[in-house]
Amino acid sequence: MIKSSEEMLEARENIIRVSRELHEVGLLVRTWGNISQRVDENSFIITPSGIKYEDLTPDMIVKVNINDLSYEGNILPSSEKAVHAACYKNRPDVEFIVHTHQVYASCAGTLGIRKIVSYFDDEDIFIPVAPYALPGTDKLAENVAMTIKKFPDLNGIIMANHGTLCFGRNSREAVFEAEKMEVACNNFLQDVCKTDMHHGVEVGFNSHLENGEIVYDIPDTPERVKRIHEAIYHRRPDVKYIIHNKSEAVMTVSRRANHMRPLLDDFAQLIGYSVKVPSNEYGKDGTSYHNIKKNVNAIFSLNDGAYCVGKDEDDAMAVAIVLDKGCIAHTAVMRHGEGHYLSLFECYKMNRHYRKSYSKLADVKK
């Protein structure tokens with residue numbers, strides 16, 4: 001256990017180092033996910049809420065009481081502190097926890113099944129899936145505790161429609177568990193769901209506003225695409241940046257789907273709770289049909305990907321990243337034949353909370 005101030009500083013710096021390593025390899029993105037370390041029998045330190053990993057400093061890592069979730073200082077700890085506390089309470093051997101929204105494990109957790117059986121190299125892998133509950137709630141912590149008690153020898157679980165929890169005696173073991181889980185879940189999606197898709201953003205035609213004028217990244221952007229950009233800026237005065245995502249997963253959905261119901265928490269938070277995909281080039285009135293709505297931050301175009309919007313490039317890219325993951329999950333569920341969709345109430349509540357609270361907190365910390 002940590003006893004001196006020097007050891008505490010080293011622990012905080014280690015959390016920052018691990019978070020940036022995971023950020024670089026894509027297992028942590030923006031401010032999503034969180035990392036903690038046990039420091040004594042009654043407390044742990046954890047990453048804060050709403051601050052980008054690249055901006056973290058040791059004084060931002062918050063000390064939290066395991067038993068009552070009280071914390072030291074003025075910086076808010078992660079909203080998932082109760083989940084971490086549940087892990088430490090039920091696994092006295094655990095010293096370090098990594099919670100990520102990593103792509104393939106999160107997508108596997110939308111299929112409505114209670115366990116993922118796969119492989120990593122020549123090793124069989126079993127990953128339990130904790131039942132869904134809204135993020136940051138006591139119910140989610142209870143579901144995690146129940147799952148950990150049921151599988152006391154495992155060092156990784158999936159939280160349905162949310163992300164992963166990976167733990168170990170130190171940061172190295174926890175990070176390895178996250179990496180192993182991602183490979184195993186990608187293998188599962190390929191073998192069981194026939195979904196072999198690379199995660200990422202493939203940029204098409206982007207634009208942004210400068211002094212009220214649309215500036216296109218590619219000067220010879222087609223007129224057809226320009227009309228879509230113009231319509232978005234006209235209907236959404238809050239939008240200042242558009243990223244046209246033509247990744248494999250997004251293109252697949254733009255060809256074959258007509259409606260996306262959220263399967264993942266971060267999709268509901270950042271993108272919206274109902275995203276329609278045009279089924280034909282023109283609407284009944286003879287004009288181009290695109291579902292441009294307030295608080296829906298992805299606009300699909302038939303067989304041409306989706307336009308991801310935000311108040312700046314960073315926000316638009318966050319939408320593009322989450323949309324790609326959501327489209328992988330959507331494709332996996334369609335090919336699997338079943339999945340667990342989030343309810344309209346759950347989606348509305350998360351989306352509203354993110355817009356009113358979390359995104360504003362992130363802005364303050366920029």
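Okay, so let's go over this structure.

Criteria and cut-off values
Residues numbered from 1 in each chain as written. Predicted model: local features only at pLDDT ≥ 70, side-chain atom pairs only at ≥ 80, totals over all residues. Heavy atoms only, no water. Pairing = 2+ DSSP bridges. Helix = DSSP H or I, 4+ residues; strand = E, 2+ residues; numbered from the N terminus. Axes fitted to C-alpha atoms, helices over the stretch in contact; angles between N-to-C directions. Contact = heavy atoms within 4.5 Å. Expected span 1.5 Å × (residues − 1). Polar contact = N/O pair within 3.5 Å; in protein donor to acceptor, adjacent residues only side chain to side chain. Buried < 20%, exposed > 50% of the residue type's maximum accessible area, 1.4 Å probe, protein only. Right-handed = clockwise from strand over helix to strand, strands pointing away. Parallel < 35°, antiparallel > 145°, perpendicular 65-115°, else oblique. Left-handed = near helix turned anticlockwise from the far one by under 90°.

### Some details on the sheet that holds strand 14 (residues 298-300)
The strand order across the open sheet formed by five strands is 10-9-11-15-14, and the pairing between neighbours is antiparallel. The sheet is open, and its two borders are formed by strand 10 (213-216) and strand 14, each paired with just one other strand. Pairs of neighbouring strands in the sheet enclose a mean axial angle of 25 degrees, with direction left out of account. Where strand 14 meets strand 15 (residues 306-310), three bridges bridge the pair, whose relative direction is antiparallel. Bridged to Phe300 within strand 15 is Ala306. The sheet contacts of helix 9 (residues 313-336) involve strand 11 (241-245), strand 14 and strand 15, and relative to strand 15 the element is tilted by about 140 degrees.

### Some remarks on helix 9
Spanning 24 residues, helix 9 covers 34 Å between terminal C-alpha atoms, matching the ideal 34 Å at 1.5 Å per step. Its side-chain oxygen placed 3.2 Å from the backbone nitrogen of Asp314, Asp312 serves as the N-cap of helix 9. Of the residues trailing helix 9, Gly337 is marked for its positive phi of about 95 degrees.

### Side note on the pairing of strand 7 (residues 156-159)
In strand 7, alternate side chains face the same way, and those of Gly156 and Ile158 on one face and Ile157 and Met159 on the other are all buried. Where strand 6 (residues 123-130) meets strand 7, two bridges bridge the pair, whose relative direction is parallel. Directly across from Ala130, in strand 7, lies its bridge partner Met159. Where the polypeptide runs from strand 6 across helix 4 (residues 138-150) and back to strand 7, its parallel neighbour, the crossover connection is right-handed. In the sheet, strand 7 pairs with strand 8 (residues 163-168) via four bridges, with the strands oriented antiparallel. Bridge pairing in strand 8 links Ile157 to Leu165. The hairpin turn running from strand 7 into strand 8, its antiparallel successor, is three residues long, and Asn161 in that turn takes a positive phi close to 60 degrees.

### Let's talk about the packing of helix 2 (residues 81-90) against helix 4
Their axes nearest at 8 Å, the elements helix 2 and helix 4 cross at an angle of 25 degrees. By the angle between their directions, the pair helix 2 and helix 4 is classed as roughly parallel. Between helix 2 and helix 4 the crossing geometry is right-handed. Residues Ala82, Val83, Ala86, Cys87 and Asn90 of helix 2 form the contact with helix 4, whose participating residues are Leu140, Ala141, Val144, Ala145, Ile148 and Lys149.

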